[in-house]
Amino acid sequence: MTCSKTLTRPPDPYILLMMGLGLLIALVAWLPLALRRVPLSLPIVCIGLGMGLGAIPGLRFAPSPLEHPEITERFAEFVVIIALMGAGLKIDRVLALRSWLITWRLIFLTLPLGIALIAVLAGTWLALPWAMALLLGAVLAPTDPVLASDVQVGPPKTGEEDEVRFALTSEAGVNDGAAFPFVHLAIALAAASVTHEPWALDWLTYNVVWEIGVGILGGYLVGRLFGWITFHIPAESRLVRTGDGLIALSAIFVSYGLTEVFHAYGFLSVFVTALTFRQAHRDHDFHKSMHDLIEQIERISMMVLLLLFGGAIVNGLLSPLVPMDIAAALVILLVIRPITALIGMTGISAPWHEKTTIAFFGIRGIGSFYYLAYGLNHIDDLQHAVRLWAIVGLVVLMSIIMHGLSVTPIMRMLDRVQGRDPDAEDAVPPPGFQGPGRDAD
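Residues numbered from 1 in each chain as written. Predicted model: local features only at pLDDT ≥ 70, side-chain atom pairs only at ≥ 80, totals over all residues. Heavy atoms only, no water.

Quick notes on the overall build of the protein chain
Here comes step 1: Each helix and strand in the protein chain was counted, giving 16 helices and zero strands.
Here comes step 2: Counting across all 441 residues of the protein chain, residues that qualify as buried make up 53%.
Here comes step 3: Taking all contacts inside the protein chain whose residues are at least 6 apart in sequence as the whole, residues at least 24 apart take part in 82%.
Here comes step 4: Carbon and sulfur atoms provide 68% of the accessible area of the protein chain, an area that totals close to 19,300 Å². (Helix = DSSP H or I, 4+ residues; strand = E, 2+ residues; numbered from the N terminus. Buried < 20%, exposed > 50% of the residue type's maximum accessible area, 1.4 Å probe, protein only. Contact = heavy atoms within 4.5 Å. Areas by Shrake-Rupley, 256 points an atom, 1.4 Å probe, with all protein chains shown as cover.)

Comments concerning a nonpolar patch on the surface
Here comes step 1: Among the surface-exposed residues, Tyr206, Trp210, Val254, Leu258, Val261 and Phe262 lie close enough to one another that they form a single nonpolar patch of about 550 Å² accessible area.
Here comes step 2: Broken down by element, the residue count for the nonpolar patch peaks at three residues, all from helix H10 (residues 246-261).
Here comes step 3: On the secondary structure map, Trp210 appears in helix H9 (residues 200-232).
Here comes step 4: Given a relative accessible area of 40%, Trp210 falls into the partly exposed group. (Patch = residues over 30% accessible without salt bridge, like charges linked within 9 Å, V, L, I, M, F, W, Y side chains within 5 Å. Salt bridge = Lys/Arg side-chain N within 4 Å of Asp/Glu carboxyl O.)

Points about helix H8 (residues 180-195)
Here comes step 1: If you check H8, its first and last C-alpha atoms are 22 Å apart, about what 16 residues at 1.5 Å a residue would give, namely 22 Å.
Here comes step 2: Taken as a whole, H8 has its buried residues at Phe180, Pro181, Val183, His184, Leu185, Ala186, Ile187, Ala188, Ala190 and Ala192.
Here comes step 3: Residues of H8 that are buried in the fold lie against helix H6 (130-140), helix H7 (163-178), H9 and helix H15 (366-377).
Here comes step 4: Backbone geometry just downstream of H8 places His196 in the positive-phi region, at approximately 60°. (Expected span 1.5 Å × (residues − 1).)

Focus: the side chain of Asn207
Here comes step 1: Note on placement: Asn207 falls in helix H9.
Here comes step 2: Excluding residues within four positions of it along the chain, Asn207 makes contact with Pro181, His184, Asp202, Ile212 and Tyr265.

Here we look at the packing of H8 against H15
Here comes step 1: Put simply, H8 and H15 touch, their axes get as near as 10 Å, and they point 30° apart. Relative to H15, the element H8 lies roughly parallel. H8 and H15 meet at a crossing whose hand is right-handed. Residues Phe180, Val183, His184 and Ile187 of H8 lie in contact with H15, whose contacting residues are Tyr370, Tyr371, Tyr374 and Gly375.
Here comes step 2: The residue makeup of the contact of H8 with H15, split by class, is six nonpolar, two polar and no charged. (Axes fitted to C-alpha atoms, helices over the stretch in contact; angles between N-to-C directions. Parallel < 35°, antiparallel > 145°, perpendicular 65-115°, else oblique. Left-handed = near helix turned anticlockwise from the far one by under 90°. Nonpolar A, V, L, I, M, F, W, Y, C, P; charged D, E, K, R; others polar.)

Okay, here's the thing in structure tokens:
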């Protein structure tokens, strides 16, 4: 082959992929620092990049959850369980009924009320079948542990755990498992509409009692096991001596896999594992090493998924939307979430500005993608799949833009109200925006 032909030959797609991955990792490291004080979030940038790639002629970057439902489910599942582990590791507060009261209110009052209201909205106003309406409610009511990282608590032992950040972190950690029974209820109703077989007892005993109970128990046992082999076995064999945060990744996969083997809720198990692991030696610096590694994996995987989401948007994911769908998305984000959250927090002793901040940041994201993909992959009648993906995609996009543009000024204002200076030299970087350590040059 002559020199001229070699120089004009199109580059190998593998080489382009390697270059793109390198640029992506560089953005993961740099963008959080660049965006720290501006009203713009990393997810917004990722979606914009994805849309730009999808709009390039000849690139053929047109990902679609409808064409690749299994890949969509599994990839979103991976991102969520990574985020759940990170959320559990960075919560400093000891798990207890009283100190977690705001969390229990958001889970047992806000979440089911939100599911019910969204389902009624979808079944009446949007004229969806009731099984699909319930699925939409179960998909869109939970807050997201991935995209909500900007309003979550800081890394372990940093002191960045005011009531607002704690409430949003713990809610996102628990409600991904708590919403799963309602996804299964939608699946059961869809199946019963065809087979007319009884479903209530099986759903209650298996999907609620068994899967939740075993999920909690499995997560606790795995967390205790990893806590023991990391901190408490004879000194020369302790995993903490390695200083390798990869043990957290191992705990994720063991916890999730073991629980799923017993047909229980792996999401709930991973979060419980993280909390239990943290309790094994609360003040050890090794928790910071594990958290930092998990956060880096989370951000890279999140950016990849949001690039794909942006490509799907520019290639027609939202095209089935009608005006009523857009209005419903606004109602879900601006009416249903705030009202149900404020109802859930009724009686909680907290300043009004903290309650309204918690109510406003009902962020939707990767968890919604997973639940929708899982639900549609288990329902035979998929004629409404295109519209459901469009509605969920719109809600997630609106949430990313609305909350992403407002998170920096609102959380900085909250810090000032609570007596912290977000611009101080020794201030901890906002959660989700961890860059170099405090001592970095």
